[in-house]
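Spelled out from the first residue to the last, the chains are:
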Amino acid sequence: MTDREWVQLYANDAEQTLRALLSQYHGVATAVARRVLPGRPQDAEECVNDAFFSIWKQGARFDPARGSLLSLIVCAVRSRALDRYRKLRREHHLNVDELELESEFDLQADFFRKECAAQVKAAVHELREPDRSILMRRYWLLESVREIAAALGLSPKQVENRLYSAKLRLRDILKEEGETA
């Protein structure tokens, strides 16, 4: 199902849309969550379910022109899984004083993180295929070079070379944006 078909289906039958989303993207979403939360399948599944429900709930606002549904799902799942990972880490390793100190810096760090993420996202979208897919699979889906090569029909060496070139191009794009800002 294409992103535009998804939008049309959502407009006609929201419940069927959720089933279609789960059918098409549950596997990749679960893989993303489990890579961030290894050994915690229940937490990973909860992150996946939360992300799908949130996307489904806000489905009418999805615009395929702004990005792909797969990217939206992967980012939503990864974000929830990273939040869960941080929460679990804080619960087990930080004391109350450290949590209070951390919260003072959260607003500033959060703003900076979001600003950087927006710049990187825009720069990644400037890359051509398959470089964009290779970067997304490597750094957002956390796939190995061999997994990417198998999925894209390339050799591992080709993936490594394209990944290296894509990172250089990404650096140049970000550098150009920094100079114009």
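Provided above is the structure to which this section pertains.
What this report covers is the structure whose coordinates are included nearby. Along each chain, residues carry numbers from 1 onward, in the same order as the chain's sequence is written. Only residues with pLDDT of 70 or above have their local features reported here, since the model is predicted, and side-chain atom pairs are shown and tallied only from 80 upward, although totals for entire chains, interfaces and linings are computed over all residues. Excluded from the side-chain calculation are hydrogens and water; included are all heavy atoms of the structure.

This paragraph deals with the overall build of the protein. The way it works is that DSSP assigns letters per residue, a run of H or I at least four long becomes a helix, a run of E at least two long becomes a strand, and they are numbered from the N terminus. Counting secondary structure elements, the protein contains eight helices and zero strands. In sequence order, the protein lays out its α and β elements as α-α-α-α-α-α-α-α. By definition in these notes, contact holds between two residues if any of their heavy atoms fall within 4.5 Å. Of the contacts formed within the protein by residues at least 6 apart in sequence, a portion of 63% connects residues at least 24 apart. Per-residue and other accessible areas were derived by the Shrake-Rupley procedure at a 1.4 Å probe size, with only the shown protein chains allowed to occlude residues. If you sum the accessible surface of the protein, you get close to 12000 Å²; carbon and sulfur atoms cover 52% of it.

A word on the packing of helix α6 (residues 131–140) against helix α7 (residues 145–152). Two numbers describe how α6 lies on α7: the axes approach to 10 Å, and their chain directions differ by 140 degrees. Judged by the twist between their axes, the crossing of α6 over α7 is right-handed. Note on element contacts: α7 touches α6 through Val145, Ile148, Ala151 and Leu152, opposite Ile134, Arg137 and Arg138. Across the contact of α6 with α7, the residue classes break down as five nonpolar, no polar and two charged. Axis angles are defined between N-to-C directions and span 0 to 180 degrees, where every axis is a line fitted to C-alpha atoms and, for a helix, only to the segment in contact. In this scheme the crossing of two helices becomes right-handed for a clockwise turn of the near helix relative to the far one and left-handed for an anticlockwise turn of less than a right angle. Under the scheme applied, nonpolar residues are Ala, Val, Leu, Ile, Met, Phe, Trp, Tyr, Cys and Pro; charged residues are Asp, Glu, Lys and Arg; polar residues are all the others, including Gly.

What follows concerns the side chain of Asp131. If you trace the backbone, Asp131 turns up in helix α6. The definition of a polar contact used here is a pair of N or O atoms within 3.5 Å, where within protein one atom must be able to donate a hydrogen and the other to accept one, and adjacent residues in sequence count solely through side-chain atom pairs. There is a polar contact of 2.8 Å between the side chain of Asp131 and the side chain of Arg162. Beyond its immediate sequence surroundings of up to four residues, Asp131 is in contact with Arg162 and Ala166.

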